[in-house]
Amino acid sequence: MPANIALVANQKEDIAVYVNALDRPGVTLKVVSSFRHLEQQLSTNAYNGIVVDLKTKLSVPRDQKELAYELLDHYPVLQSRIIPGSQKIQTMPFGKASRDISLDAFLTEDC
């Protein structure tokens, strides 16, 4: 099933890892560097889910934190981080999610 995914990440090295992991048939990826840019994308495009890099989320200015939670409340969200010193993605539950979910499961089950 095709999935349009938004990735919120602002570190070039991390983005490359995410892009590589999400490069699969049926997945269209749009990378945005901030929650303000995500808001703009969500107002003009339909997305099946959002992948949020934890490092990016933690570094946003205070005024964007509330915006981030407002936007993410309406979509399936996978919160993740790149494990330091590796090219591996660690996923974490977000919001109402009560279980860890892999990137593959997120794409096939939630999106």
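Residues numbered from 1 in each chain as written. Predicted model: local features only at pLDDT ≥ 70, side-chain atom pairs only at ≥ 80, totals over all residues. Heavy atoms only, no water.

Q: Account for helix α4 (residues 62–72), with residues named and values stated.
A: Those residues of α4 that sit buried are Gln-64, Leu-67, Ala-68, Leu-71 and Leu-72. The buried residues of α4 occupy an angular sector of 120° when projected down its axis, which confines them to one face. Exposed side chains of α4 directed beyond 90 degrees from the buried face belong to Arg-62 and Glu-66. On its buried side, α4 packs onto α2 (35–44), β3 (49–53) and β4 (77–82). (Buried < 20%, exposed > 50% of the residue type's maximum accessible area, 1.4 Å probe, protein only. Helix = DSSP H or I, 4+ residues; strand = E, 2+ residues; numbered from the N terminus. Arc of directions from axis to C-beta. Contact = heavy atoms within 4.5 Å.)

Q: Can you break down the side chain of Asp-53 residue by residue, with the values?
A: With respect to the secondary-structure elements, Asp-53 resides in strand β3. Lys-55 provides the closest opposite charge to the buried, unpaired Asp-53, separated from it by 5.7 Å. Within the structure, the side chain of Asp-53 is placed 3.0 Å from the side chain of Thr-56, a separation counted as a polar contact. If we skip the residues at most four places from it in the chain, Asp-53 touches Val-8, Ala-9, Asp-14, Tyr-18, Ser-80, Arg-81 and Ile-82. (Lys, Arg positive; Asp, Glu negative; His and termini not counted. Salt bridge = Lys/Arg side-chain N within 4 Å of Asp/Glu carboxyl O. Polar contact = N/O pair within 3.5 Å; in protein donor to acceptor, adjacent residues only side chain to side chain.)

Q: Explain the sheet that holds β3 residue by residue, including any values.
A: Strand order in the open sheet formed by five strands is β2-β1-β3-β4-β5, with mixed pairing between adjacent strands. Of all strands in the sheet, those with a lone pairing partner are β2 (27–32) and β5 (89–92), marking the two edges. Strand-to-strand twist of the sheet, defined as the mean angle between neighbouring strand axes without regard to direction, takes the value 30°. (Pairing = 2+ DSSP bridges. Axes fitted to C-alpha atoms, helices over the stretch in contact; angles between N-to-C directions.)

By themselves, these figures tell us nothing about what the structure is for.
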